[in-house]
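One letter stands for each residue in the lines below.
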Amino acid sequence: MPYQINEINHCIETDVKGFLEECDAKFQKKIAQAADYILSRRKESPIVLLSGPSGSGKTTTAMKIEEELERRGAHSHTISLDNYFVTINPKTAPRTPDGAIDYESPRCLDMDLLSQHFTQLSRGEEVIVPRFEFARQMRDTSRGTRLQLGKSEIAIFEGIHALNDDLTSRHPEAVRFYLSARSNVMDGDKLRFKGTWMRLSRRAVRDYNFRGSSVEMTMDMWANVRRGEKLYISPFKNKAHIKFDSSIPYEVSVMRHYASPLFEAIPDENPRRKELLDLVDAFHQFAPIAPELVAGDSLIREFIGGGIYEY
């Protein structure tokens, strides 16, 4: 459901703290609904699958669901599917149309090992969750983490391919969620800020602050990220038992402090410069919100930092 920029700006100018609290409470209500559903299906499966495109806030959402389940007495564990990446063999790696290695492809995940672990965990058996070292681009099982589910414990697996048919067809009993920041911001009938711009801004800021990637690098990858969404992620969203929107009405007003300077500094020769400058103009239509007002447990903290969760 789209937001209206006039309503956002009015709320910021009249009661910014109340506005932030209201938005966070609405998102927390979605988390509570997810926890309700998981608990209602606990007898069927202890496995929860959380999927969504890049920049949706999957990691924070999974942690929030875990936190909510813990509050209700259901011990839970959050596992990133990134740890199940395979060590890439350049000779057999999936390729994009231009010949580059397609890191968005589900073939980069060890689906067989994931399926095996789902089965073992459901039986109460111990598994070793592997660790993928991005710096060396290889999986290191020797640094894996032991995991065994006790009675009524829950494992939440989050990642872009969590709803891929290769997994869900083998484990139809698993609880499935799809997450995406998909709400546009409108000015009446006029589009002011696209939902995909929200996810791009989130990723650009996060990559710059925490992954050592320039905006140019993020933009170079973005076209293939979007291609991967259309091929490998969106087609499976209807496999989800629940789909929910992770956009936050106040986020553009916060993110402008971080994203605008990055986008403005992109070189003239970059082919995406015009689009990014259009995005910067859009940011300036929003009343600003000081980042220090954002709660430590806000989903936005995954991208701007300073939050209470460890990633």
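Provided above is the structure to which this section pertains.
Analysis parameters
Residues numbered from 1 in each chain as written. Predicted model: local features only at pLDDT ≥ 70, side-chain atom pairs only at ≥ 80, totals over all residues. Heavy atoms only, no water. Buried < 20%, exposed > 50% of the residue type's maximum accessible area, 1.4 Å probe, protein only. Helix = DSSP H or I, 4+ residues; strand = E, 2+ residues; numbered from the N terminus. Contact = heavy atoms within 4.5 Å. Pairing = 2+ DSSP bridges. Axes fitted to C-alpha atoms, helices over the stretch in contact; angles between N-to-C directions. Salt bridge = Lys/Arg side-chain N within 4 Å of Asp/Glu carboxyl O. Parallel < 35°, antiparallel > 145°, perpendicular 65-115°, else oblique. Left-handed = near helix turned anticlockwise from the far one by under 90°.

(A) Helix α8 (residues 273-283), seen in detail. Looking only at α8, the buried set comprises R273, L276, L279, V280, A282 and F283. Summarising the contacts, the buried residues of α8 are in contact with β9 (190-193), α5 (195-210), α6 (215-233) and α7 (251-264).

(B) Up close: the sheet that holds β9. One open sheet accounts for 3 strands, arranged β1-β8-β9; its pairing is mixed. Edge strands, defined here as strands with exactly one partner in the open sheet, are β1 (3-4) and β9. The pairing of strand β8 (residues 185-187) with β9 spans 3 bridges and is classified as antiparallel. Paired with D187 across the two strands is K190, which belongs to β9. Relative to the sheet, α5 contacts β8 and β9, its axis offset from that of β9 by approximately 10°.

(C) Expanded view of the pattern of salt bridges. The tally for this structure, following the rule as stated, stands at 20 salt bridges. Across the pair R170 and D112 runs a salt bridge, and its minimum N-O distance is 3.1 Å. Here the residue R170 occupies a position in the loop between α4 (165-168) and β7 (175-180), and D112 occupies one in helix α3 (residues 111-122), the gap between them amounting to 58 residues. When salt bridges that share partners are traced, they join D36, E68, R71 and R72 into one network.

(D) Local environment of the packing of α5 against α6. Following both chains from N to C, one finds α5 and α6 inclined at 135°, their axes separated by 11 Å at the closest point. In terms of axis orientation, α5 runs oblique to α6. Two packed elements cross with a definite hand, and for α5 against α6 that hand is right-handed. In contact with T196, R199, L200, R203, A204 and D207 of α5, α6 contributes T218, M219, M221, W222, V225, R226 and E229.

Take it as geometry only, folks, not as evidence of what the structure does.
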